[in-house]
Amino acid sequence: MKKIDGIINTGIMEQSIVTPNLTPNIKVYNEKLIEYEGIEYRIWDPRRSKLSAAIKNGLTELKIKSDSKILYLGASSGTTPSHISDMVPEGLVYCVEFSPRMMRDLLHVCDSRNNMVPILCDATQPKKYQNIIEEVDFIYCDVAQPQQSELFMDNMNLFLKKFGQGILMIKARSIDVTKQPPKIFMEEMSKLKTHGFSIVENIKLEPYEKDHLALVIERVF
Ligand SMILES: C[S@@+](CC[C@H](N)C(=O)[O-])C[C@H]1O[C@@H](n2cnc3c(N)ncnc32)[C@H](O)[C@@H]1O
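On a predicted model such as this, the values are computed, not experimentally measured, just so you know.

Within the open sheet, the 7 strands sit side by side as 8-7-6-9-10-12-11. Their pairing is mixed. On the outer flanks of this sheet lie strand 8 (116–120) and strand 11 (197–204), each paired with one strand and no other. Sheet twist, expressed as the mean angle between neighbouring strand axes with direction ignored, is 15 degrees. Here strand 11 runs beside strand 12 (residues 212–219); their pairing, made up of 7 bridges, is antiparallel. Residue Ile-199 lies in a different strand from strand 12, and its bridge partner there is Ile-217. Across the sheet, helix 2 (residues 79–87) is in contact with strand 6 (69–73), strand 7 (92–97), strand 8 and strand 9 (136–141); its angle to strand 6 comes to roughly 175 degrees.

Residue placement: Val-200 occurs in strand 11. For the pair Val-200 and Leu-62, spaced 138 residues apart in the sequence, the C-alpha separation amounts to 9.6 Å. Not counting the four nearest positions on each side in its chain, Val-200 is found in contact with Glu-61, Val-216, Ile-217 and Glu-218.

Within the structure shown, the criterion is met by 3 aromatic pairs. Ring geometry for Tyr-72 against Tyr-140: centres 4.3 Å apart, planes inclined by 15 degrees, an arrangement best described as stacked. Of the two residues, Tyr-72 sits in strand 6 while Tyr-140 sits in strand 9, which places them 68 residues apart along the sequence. The pair formed by Tyr-72 and Tyr-140 is uniform in burial state, with each residue classed as buried. When the centroid spacing of 5.2 Å and the interplanar angle of 55 degrees are considered together, the rings of Phe-163 and Phe-221 count as tilted.

What follows concerns helix 6 (residues 181–194). For helix 6, spanning 14 residues, the distance from its first C-alpha to its last is 20 Å, which sits close to the expected 20 Å at 1.5 Å a residue. All of the buried residues along helix 6 are Pro-181, Ile-184, Phe-185, Glu-188, Met-189 and Leu-192. Along helix 6, the residues classed as buried sweep out an arc of 130 degrees about the axis, all on the same side. Opposite the buried face of helix 6, at more than 90 degrees from it, the exposed residues are Pro-182, Met-186, Lys-193 and Thr-194. In this fold, the buried residues of helix 6 make contact with helix 4 (148–159), strand 10 (160–171), helix 5 (172–175), strand 11 and strand 12.

So, how was this worked out
- For every chain, the first residue of its written sequence is number 1, and the numbers climb from 1 along that sequence.
- Whole-chain, interface and lining totals are the exception, using all residues; otherwise, since this is a predicted model, local features are given only for residues with pLDDT of at least 70 and side-chain atom pairs are given and counted only at 80 or more.
- Values reported for side chains reflect all heavy atoms of the structure, with hydrogen atoms and water molecules removed beforehand.
- Strand pairing is assigned whenever DSSP identifies at least 2 bridges connecting the two strands.
- A run of DSSP states H or I qualifies as a helix once it reaches four residues; a run of E qualifies as a strand once it reaches two. Both are numbered from the N-terminal end.
- Interaxial angle, 0 to 180 degrees, is taken between N-to-C directions of lines fitted to C-alpha atoms, where a helix line uses only the stretch in contact.
- Every residue pair with non-hydrogen atoms within 4.5 Å of one another is taken to be in contact.
- Put simply, two rings from Phe, Tyr or Trp (the six-membered ring, in Trp's case) pair if the centres are within 6.5 Å, and we call them stacked under 30 degrees between planes, edge-to-face over 60, tilted for the rest.
- Only protein chains enter the accessibility calculation, which uses a 1.4 Å probe; a residue is then buried when its area is under 20% of its type maximum, exposed when over 50%, and partly exposed in between.
- For a helix, the expected span equals 1.5 Å multiplied by the number of residues minus one.
- Directions pointing from the helix axis toward each C-beta atom define the arc.

What follows is the structure, encoded as structure tokens:
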């Protein structure tokens, strides 16, 4: 197993990205389980998770440690949140999701993982969950909505620790189907920079996801 710089508890094994399974023998989305040097790992499929796709495409700057507190916006049924949960065995993943249908599936995942906290809320209204969560080290945003940069920045401003980091998954077609993706990416990056954030890394997600960009973001001081 080889560790990727800055990504604790994640490794590359035979060209696959894997995370050590926090709940041995339990799968989340029928992913493959493999054993390596006495530890069970879950294969992290880049076609099912944008973070895995970004790591496959060279992302290196993630500041997630084994005790990090994470705020995850758009947790859906828990595919990517569960891998992040593997990466933070001494930390917590606050999972915000507004669809009751998705929340039902997410609750099953949270039941077996004691570091995942389900929150049925709209991420455009962060004040509604302000009394549930604490300041966090990292914010992950994958809501596939036109206003995703704005809601991401609102959550960063309310919940991110001073030297924390965030990642925003931009799906061009969710923002404007009539515009060319490169133009949308430029506009979203410029919005973030205007509001006091810097783009530490930007990674295209092809061939795993068409017209998607992952942005690693920090505050400017
Ligand atoms: C692309 S899916 C996320 C997939 C997930 N990140 C993963 O990799 O496993 C987007 C999710 O965001 C949720 N969502 C969209 N807008 C939201 C909002 N304003 N607040 C909370 N969840 C939202 C949707 O219901 C959907 O489940």
